[in-house]
Amino acid sequence: MIKLTINDKEVSVPEGSTILDAAKQLKIKIPTLCHMSLYDIQFFNQSASCRVCVVEQEGRNNLLPACATPVSEGMKIRTDTKKAIRARRTIVELLLSDHPNDCLICAKNGDCELQKIAADLGIREIKYPGEIATFPTDNSSKSIVRNMTKCILCKRCETMCSSIQTVDVLTEIGRGFDTVMGAAFNLPMDETTCTFCGQCLAVCPTGALSEVNNVSKVWDAINSDKVVIVQTAPAVRVALGEEFGMEVGSLVTGKMVGALRRIGFDRVFDTDFAADLTIIEEASELIHRIQHGGKLPMLTSCCPAWVKFFEHQFSDMLDIPSSCKSPHEMFGALSKTYFAEKMGLKAEDIIVVSVMPCVAKKYEAARPELSEGSSSDVDIVITTRELALMIKEASIDFENLDDKEFDNPLGESTGASVIFGATGGVIEATLRTAYEFLTGKTLENVEFSSLRGMQGIKEATIDINGMSINIAVSHGLGNARHLLEKIRSGKANYHAIEIMACPGGCIGGAGQPFHHGDLSILDKRMNGLYKEDRGKTLRKSHENPMIKKLYDEFLGEPYGEKAHELLHTTYVA
Ligand code: HC1
Ligand code: SF4
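Residues numbered from 1 in each chain as written. Chains lettered and ligands numbered in written order. Predicted model: local features only at pLDDT ≥ 70, side-chain atom pairs only at ≥ 80, totals over all residues. Heavy atoms only, no water.

(A) Structural view of the environment of Lys 342. Mapped onto the fold, Lys 342 is located in helix α10 (residues 327-343). When its relative accessible area of 40% is taken as the criterion, Lys 342 is described as partly exposed. Distance in space between the C-alpha atoms of Lys 342 and Pro 409 is 9.7 Å, their sequence separation being 67 residues. With residues near it in sequence (within four places) discarded, Lys 342 still touches Pro 409, Lys 549 and Glu 553. (Helix = DSSP H or I, 4+ residues; strand = E, 2+ residues; numbered from the N terminus. Buried < 20%, exposed > 50% of the residue type's maximum accessible area, 1.4 Å probe, protein only. Contact = heavy atoms within 4.5 Å.)

(B) Molecular detail of unusual backbone geometry. With an omega of 0 degrees, the peptide bond between Leu 296 and Pro 297 qualifies as cis. Positive phi, close to 70 degrees, is recorded for Lys 155, a residue that is not glycine. Structurally, the position occupied by Lys 155 is in the loop between β8 (144-146) and α4 (156-164). With phi around 60 degrees, Tyr 559 is a residue other than glycine that occupies positive phi space.

(C) Structural view of helix α12 (residues 384-393). Of all the ten residues making up α12, seven are buried; the element is thus mostly covered by neighbouring parts of the structure. Looking only at α12, the buried set comprises Thr 384, Arg 385, Glu 386, Leu 387, Ala 388, Met 390 and Ile 391. Where α12 ends, the next residue or the one after it, Ser 395, has phi of about 55 degrees, a positive value.

(D) View of the packing of aromatic side chains. Taken as a whole and assessed by the stated rule, the structure comprises nine aromatic pairs. Look at Phe 269 and Phe 339: their rings are 5.4 Å apart centre to centre, the planes differ by 80 degrees, and that puts the pair in the edge-to-face class. In this pair, Phe 269 sits in strand β13 (residues 267-270) while Phe 339 sits in helix α10, placing the two residues 70 residues apart along the sequence. Between Trp 306 and Phe 310, the ring centres sit 5.1 Å apart and the planes meet at 70 degrees, which makes this aromatic pair edge-to-face. Of this pair, Trp 306 and Phe 310 both sit in helix α9 (residues 304-313), four residues apart, roughly one helical turn. Classification of Trp 306 by relative accessible area gives buried; the value is 0%. These aromatic residues form a ring-pair network of at least three members: Trp 306, Phe 309, Phe 310, Phe 314 and Tyr 571. Above the plane of the ring of Phe 244 lies Lys 392, whose end atom (NZ or CZ) is 5.5 Å from the centre. Positioned over the ring face of Tyr 530 is Arg 452, at 3.8 Å from the centre of the ring. (Phe/Tyr/Trp six-rings, centres within 6.5 Å; stacked < 30°, edge-to-face > 60°. Lys NZ or Arg CZ within 6 Å of the ring centre and 35° of its normal.)

(E) A look at the site of ligand 1. Around ligand 1 lies a shell of 16 residues, among which Ala 233, Ala 235, His 328, Lys 361 and Cys 506 are the nearest. Contact distances for ligand 1 include 3.4 Å between an oxygen atom and a backbone N or O atom of Pro 234. Contacts to ligand 1 include Ala 235, whose backbone N or O atom sits 2.8 Å from an oxygen atom. The cavity that encloses ligand 1 is the largest cavity. At the level of elements, α8 (271-291) and α10 are the ones that each hand at least two residues to the shell around ligand 1. By residue class, the composition of the shell around ligand 1 is twelve nonpolar, three polar and one charged. (Near = heavy atom within 4 Å. Polar contact = N/O pair within 3.5 Å; in protein donor to acceptor, adjacent residues only side chain to side chain. 1 Å grid on protein atoms, 1.4 Å probe; cavity = no way out; pocket = protein on both sides within 12 Å on 5 of 7 lines; lining within 4 Å. Sits in = over half its atoms within 2 Å of the grid points. Nonpolar A, V, L, I, M, F, W, Y, C, P; charged D, E, K, R; others polar.)

Structure below.
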């Protein structure tokens, strides 16, 4: 242990700790901007590029960046000297001198860390006005807007994209005043191997990276003469409340339905219904592969960023992911066929809006494979944050709304579908059904605890009728790469694998209220989903009566011809 003092207070910290770590232990606040530590310091950004965290060390003239300076024995640090405070202020003033001041209309207004630090330091003028490095905005993708005029070169996005997601798209390019974070050759985002997971924008401290905002498209749809139906993803209901100051992890399903109705959607349905359907198709596919010598392991395919990742990085293995469309895409396909028929409508009379915790779903909805003729299965995707904006715009008093129920026939769901939103949930839901399909017996204990939690890669062997089924779960694309490389080299012997691109699964999606890698927030959201599962009478997808009706009335056999036509897809290298 290393002993030092900060502001005359003594502290001992492990060797290799930084001054910032030691200050945290003493509960001494040092402002930071570029620094980021995620998931209990499993990952951190230590570029020390902004220097906002400078402190003074007794006996030295130069200031030290607290986030990147290791402690040493006997150090005497002061965080509150005139010199340190003045330097911090000047640094922020210089950052502001090269930053547009359109805060009122910025995508990150209210969530911007530069805005906050400027406010905390009481900055009220642009002290060094002059030329601002200006770059064209990259609007090429359906998911992410890249506005480098707002970039402060903190490199958090690069750390996220390279160290955690291992996609390596974003890096520093250019020199001097022309430096930006971008892809090689400054290619537009939609021409790169970016997965649109959006985790870079979730950690961007300013509005340099933000999601494509589709709110006005939804208002236009609502004000049109089309029938506008909305579906909500499992993870939205345990995070939306945070945008209204409610306790983290609050389950707001009923209020969310009420708000969507007040906004003016013609039908309020649940992606969970389609998640139950996905389970029937995915469990049937898994059983088919096991019984007919098909390709194993089977990988889940509901996460679009993960799909794009394997299409780019593991194109030699395109036969292992399940051919199932993701639940919200299955929902879209059914809305424009099954629901349309029931209502006597044509597909083009219907607009399907998805509310998702994810920004990659925006890109997914535009994939040509996921449409029928000129009609996309899903027309518009908004995130949890965008839905919160709409609720605020409509002046709905969210917290005091009465609980309402989803509409039917696409609103009924079981507990199995709700847990899709947490890492491990999809495979747990699949097992609940596969077990009963394969054995014909009732599964008494439906909770597979070894598949739950935030461990990067989870493994379990489940006995089904004397057969050992090997399962793996990973979340975060770096962990996914690790698993995929094991499979490619023949070192893994799994039957089924669930992969989600975002740490924590969809509860940690880039469209959720910003969680800054705080594990306690992800835990609470996860627990909210497990609570909803436990509260349901039906907890296995194949018990959903509306799904049974759907097969009887419309689809025929699970994994049959019509199901293939509407609910399955293909991948491209
Ligand atoms: Fe997800 Fe899914 S769980 S991908 O994480 O399979 O986004 O919540 O909607 O489609 O159901 C996201 C969440 C979501 C799909 C489902
Ligand atoms: Fe990298 Fe994901 Fe950002 Fe794309 S969206 S640049 S893959 S972190």
